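Observations on chain architecture
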Amino acid sequence: MLRYTLSRMLGLIPTLILVALISFFLIHLTPGDPAAVMLGVEATPERVANLRADMGLDQPLTVQFKDWVSSALQGDLGNSFFLGRPVAEALVERLPATFSLAVAALLVAVIIGVPAGIIAAARQNSVFDGSVMVIALLGISVPSFWLGLLLILIFSVGLGWFPTGGYVPISEGFVQHVKYLVLPAVSLGFMQAALIARMTRASMLEVIRKDYITTARSKGQSEFVVVTKHALKNIAISVLTVVGMAFGILLGGAVIVETVFAYPGVGRLVVQAVTRRDYPLIQGALLMIASIYVIVNLVVDLLYPLFDPRIKYE
Amino acid sequence: MRILDEREKLLEIRNLKTYFYTEEGVLKAVDGVDLLLHSGETLGLVGESGCGKSVTSMSIMRLLPSPPGKIVDGKILFKGRDLAQLSQKEMRKLRGNDISMIFQEPMTSLNPVFTIGNQISEAILLHKDVTKREARRQSIEMLKKVGIPSPEKRIDDYPHQLSGGMRQRAMIALALSCDPQLLIADEPTTALDVTIQAQILELMNDLKKSYNMSIMLITHDLGVVAETCDTVAVMYAGKIVEYTDAKGLFGNPSHPYTWGLMNSIPRLDQNIEKLHTIAGVVPNPLDFPEGCKYNTRCPIADDKCLQQEAELQEIRKGHKVRCWHYERLEQLKKVH
Ligand SMILES: Nc1ncnc2c1ncn2[C@@H]1O[C@H](COP(=O)(O)OP(=O)(O)OP(=O)(O)O)[C@@H](O)[C@H]1O
Ligand SMILES: [Mg+2]
């Protein structure tokens, strides 16, 4: 198991190099001179030349890449031009907020999605099942920023239950922290809940027809235990997989919802970086988000044997 | 009073009708089945694929997928109680306790993510008032009884760690863990190798005697019937067409369908060219023919058979047949 974990971690290296390559070349794929683009049309040639030298853009590409990778490995992602501070520092500072939001949204998604999927499957073709399917379809089609705006209108502006936006760190009080989290978490988590519900329902419908489910019933077991013990453990892997994917997406993809709720997470930083063409920051954020996604996937893979004895990592 | 009737009736099915209400229409999977199973006996239920054998057994267990399946008529008398009228809650007390079931695929009938011990203990804990430790002890005991070597170790194995034959033994251990009076075995050996098949059948026979239980053995293998069954019911298109003791069936098949089935068993002493299979196909249960349902394939069918279906009538002691012309069959037998 330990050896497997280590080899899997080594296996991540090519993926991460690829991500690094893409992040790096991003800057060179944009038309024109990045330094000139960043400084705008009114910049003097000297300032542009200075910035080029600062960013190492005057060096050959291979040298630039080598430098970038070796500093990235040491945790140095360069300096943000507009923030005037190291990119890594700026990202790490935003990480707790984004992490809180991702966890909260995932909770919403799992708490709604998994039971909804299970009950819908257990009562296939019932009114409940139909409603779950319709709501899930809505959840997948409605953009989360739109849902966010709707929630702000109803629960902040209308009822005044939650703030319209902003963020309070957990260190300044859990209740306040949660209060600011609820609406963005629901707007983000809803779509994931819909995906998880559909996936759970589909796996459940497949498993519930298996012979071993009939065996469990033929023992005299109640339908509740048949579903929650015999069927659930058999769909655990599929559910875990979507949940892992959802978490990866939530960690990296809160860009728009964070903007709608003026939530100071990584996503909003990325939006600012893009509008200001802060290339080092964009590169760093991309690398970080991709790494997190890859690591979450690895963790999910490593959890499989807990749920299925047929899977063994030697 | 005839001696035959003095045996204790364990299960008596009268005019059972189980239909599936599908989008294409009403599918009459079981359409008036009558069966009688005495205590301590093995009843063979034979018939071609799709004739309703499994649906009959699922009706007895009351485990039909519902919707679309529904018992629309008839009685399932188990020790005098009509199972068709019981609530699911009452049925749960009987399942696994008084009536157990084993299935065709030992690969898929055990839950892959729980140990054998967990699955057997679960049944024991459901029906007996014992501790977990005692349930485990009894599970090991059961595994020993069904001939699984080193049961103390095997009990913590997952199904995929056992061979097909061992899995079926584990399944039998599970089914018998609470001393059922009736074991329904739905093609328990079809998926196994021939040598393993024989072992499993022998095991079931031995256990039947030591537990004094009855077995309803579903199969389409007449060889298995000849070896293990006391009584045989031949099923065709949702109905029983012949019912008698095993000797009577093989010595004197009296329904043209039974006769056809027997002729379709390949025999070493016969020329392959003479091998006889039943012409035509099983009628679609969504659209059965008028009259006798076998009339589309029967070599001796006439106008009467096209119009009206015969009742299941006793033609000699303990031998029932659903055919107008069972006597005419005798002449046909002579020709072949
Ligand atoms: N859940 C269901 N929904 C609709 N029709 C069904 C369902 N289960 C069984 N049937 C139909 O009922 C009929 C009888 O099926 P059954 O499974 O009892 O056949 P069988 O005699 O056990 O055949 P086999 O030897 O292949 O196991 C078939 O036509 C089948 O298609
Ligand atoms: Mg069957």
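This text gives an overview of the structure that appears in the document. Bear in mind that the values here come from a model prediction, so they are computed numbers and not experimental data.

1. As for helix H6 (residues 127-141) of chain A
Residues spaced three or four apart along an α-helix face the same direction, because each turn holds 3.6 residues. Residues and elements named next belong to chain A. Its 15 residues give H6 an end-to-end C-alpha distance of 21 Å, which sits within 8% of 21 Å, the value for a rise of 1.5 Å per residue. Residues of H6 that are buried include every one of Asp129, Val132, Ala136 and Gly139, and no others. Around the axis of H6, the buried residues are gathered within 85° of arc, so they sit on the same side. In H6, those exposed residues whose orientation departs by more than 90 degrees from the buried face are Val127, Val134 and Ser141. Where H6 is buried, its residues touch helix H5 (87-122) and helix H8 (174-207).

2. As for the side chain of Thr18(B)
Residue and element names in this part refer to chain B. Tracing the backbone through its elements, the reader meets Thr18 in strand E1 (residues 9-22). Side-chain polar atoms of Thr18 contact the side chain of Ser59, separated by 2.9 Å. Those residues within four positions of Thr18 in sequence are excluded, and the remaining contacts are Leu27, Lys28, Ala29, Val30, Val55, Ser59, Leu64, Lys70 and Ile71.

3. Some remarks on the interface of chain A and chain B
Facing 19 residues of chain A, the contacting portion of chain B comprises 27 residues. When the two sides are added together, the surface that chain A and chain B hide from each other amounts to roughly 2000 Å², 60% of it contributed by carbon and sulfur. Among the residues chain A hides against chain B, the three largest losses belong to Ser218(A), Lys219(A) and Pro309(A). Together they make up 29% of the total. Connecting chain A to chain B are two salt bridges. Glu122(B) serves as the salt-bridge partner of Lys229(A), at 3.3 Å between the closest nitrogen and oxygen. Partitioned by chemical class, the residues of the side of chain A that touches chain B number four nonpolar, eight polar and seven charged.

Thresholds applied
Residues numbered from 1 in each chain as written. Chains lettered and ligands numbered in written order. Predicted model: local features only at pLDDT ≥ 70, side-chain atom pairs only at ≥ 80, totals over all residues. Heavy atoms only, no water. Helix = DSSP H or I, 4+ residues; strand = E, 2+ residues; numbered from the N terminus. Expected span 1.5 Å × (residues − 1). Buried < 20%, exposed > 50% of the residue type's maximum accessible area, 1.4 Å probe, protein only. Arc of directions from axis to C-beta. Contact = heavy atoms within 4.5 Å. Polar contact = N/O pair within 3.5 Å; in protein donor to acceptor, adjacent residues only side chain to side chain. Buried area = accessible area lost by both parts, 1.4 Å probe. Salt bridge = Lys/Arg side-chain N within 4 Å of Asp/Glu carboxyl O. Nonpolar A, V, L, I, M, F, W, Y, C, P; charged D, E, K, R; others polar.

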